[in-house]
Amino acid sequence: MNYYELLQVKPNATPQEIKQAYRRLVKKYHPDSQSDSADHELIVKLNLAYEVLKDPESRQLYDKTLQDNTVSWQKSRQQKHKQAAKQHQNTTQQRKAKQESQLRWLRQVYLPVSSLLHSILEPLEEEIEALSADVYDEELMSFFLAYLEDSTQAYEKAKNLLSSQPNPSLYANIAANLYYCLNHIHDGLEELTRFTQTYEEYYLHLGKELFNLAKEVHSQASAMAKRFL
C-alpha cells in the first residue's frame with residue numbers, strides 16, 4: 001500500500017485534500033482518542049505519509065519512485081508474459097513433434113511390418129494344402145520351398161524395419177507383440193524347413209502351430225493399432 005492509499009486520497013489530490021484526509025484519519029486512530037479504533041502503528045505510518053506528501057519536493061520525488069516502480073512492475077509482468085508464451089509455444093511444438101514422431105513410426109514401421117507379416121502368415125494353409133497332394137512331388141515341393149524362401153526374406157525385412165526406429169512409448173505394447181510374432185515366425189520357418197528335409201509330419205505340425213501363435217499375436221497388435229489409425 002502506498003502513501004496515497006494509506007491516506008485514502010487519489011494520486012492527484014491537492015495539498016489541502018491531503019491535509020484534510022490526514023487530520024481525519026489521525027483523529028480516528030490516535031491513541032489519545034480513547035476510541036476502539038485507536039492504532040499507534042497506523043498513526044506512525046500516517047505521520048510518515050503526510051510528512052512526505054505535504055512537501056512538494058519530497059512528494060515529487062515519491063511520485064517518481066512510484067512511477068518507476070509501476071514501470072518496473074509492468075516490464076516484469078510483460079517479461080513473465082513473454083516467458084509464459086514462449087514456454088507454451090515450446091510445449092506445443094514439443095507435443096506436435098512427439099505426435100509427428102508417433103505417426104511416423106506407425107506409417108514407416110508398423111504398417112509395412114504388419115503387411116510383411118501378413119504375407120508370411122496367410123498363405124501357409126494354402127501352401128500346405130497344395131503340397132499335401134503329394135509331398136514327394138518335386139515340383140510341388142519346389143513351390144513350397146519357394147514360399148519358405150520368400151517368407152524368410154520377408155521376415156528379415158520385417159525384423160530390420162522393426163529395429164530401424166525406436167518405438168514410441170505409446171506403442172510399446174504394439175511393438176512388443178510384433179517382436180513376439182517375429183519370434184514365432186522365425187521358429188516356425190525353422191520347423192517347416194526341417195519338414196522339407198525329413199518329411200516328418202511332426203515338424204510340419206509344429207511349424208503350423210507356431211504360425212498360429214504368430215497369427216494370434218499379430219491380430220492383437222492390429223487391434224491395438226486400430227485405435228491410432
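For the structure itself, consult the block above.
Residues numbered from 1 in each chain as written. Predicted model: local features only at pLDDT ≥ 70, side-chain atom pairs only at ≥ 80, totals over all residues. Heavy atoms only, no water.

Pairing between side chains of opposite charge can happen when the charged atoms of each approach one another. Evaluation of the coordinates by the stated rule reveals 3 salt bridges. One salt bridge in this structure joins lysine 54 and glutamate 51, with 3.3 Å as the shortest N-O distance. Separated by 3 residues within a single helix, lysine 54 and glutamate 51 lie in helix H3 (residues 40-54), roughly one turn from each other. With a closest N to O distance of 3.4 Å, lysine 159 and glutamate 156 form a salt bridge. (Salt bridge = Lys/Arg side-chain N within 4 Å of Asp/Glu carboxyl O. Helix = DSSP H or I, 4+ residues; strand = E, 2+ residues; numbered from the N terminus.)

Glancing now at the packing of helix H2 (residues 15-29) against H3. Closest axis-to-axis distance for the H2/H3 pair is 10 Å, and the angle between their directions is 165°. When the axes of H2 and H3 are compared, the pair comes out roughly antiparallel. Judged by the sense of rotation from one axis to the other, the crossing of H2 with H3 is left-handed. Note on element contacts: H3 touches H2 through Leu42, Ile43, Leu46, Asn47, Tyr50 and Leu53, opposite Ile18, Lys19, Tyr22, Leu25, Val26 and Tyr29. Its residues assigned to classes, the contact of H2 with H3 shows 10 nonpolar, 1 polar and 1 charged. (Axes fitted to C-alpha atoms, helices over the stretch in contact; angles between N-to-C directions. Parallel < 35°, antiparallel > 145°, perpendicular 65-115°, else oblique. Left-handed = near helix turned anticlockwise from the far one by under 90°. Contact = heavy atoms within 4.5 Å. Nonpolar A, V, L, I, M, F, W, Y, C, P; charged D, E, K, R; others polar.)

All chains considered together, the criterion is met by 9 aromatic pairs. With centroids separated by 4.1 Å and ring planes inclined at 5°, the aromatic side chains of tyrosine 22 and tyrosine 50 adopt a geometry described as stacked. Linking tyrosine 22 in helix H2 with tyrosine 50 in helix H3, this pair joins segments that are 28 residues apart in sequence. Like tyrosine 50, tyrosine 22 is buried. Between tyrosine 202 and tyrosine 203 the ring centres are 5.4 Å apart and the planes differ by 70°, which places this aromatic pair in the edge-to-face class. A residue is classified by how much of its surface remains accessible, and tyrosine 203, at 24% relative accessible area, is partly exposed. Taken together, the ring pairs connect Tyr3, Tyr4 and Tyr62 into an aromatic cluster. (Phe/Tyr/Trp six-rings, centres within 6.5 Å; stacked < 30°, edge-to-face > 60°. Buried < 20%, exposed > 50% of the residue type's maximum accessible area, 1.4 Å probe, protein only.)

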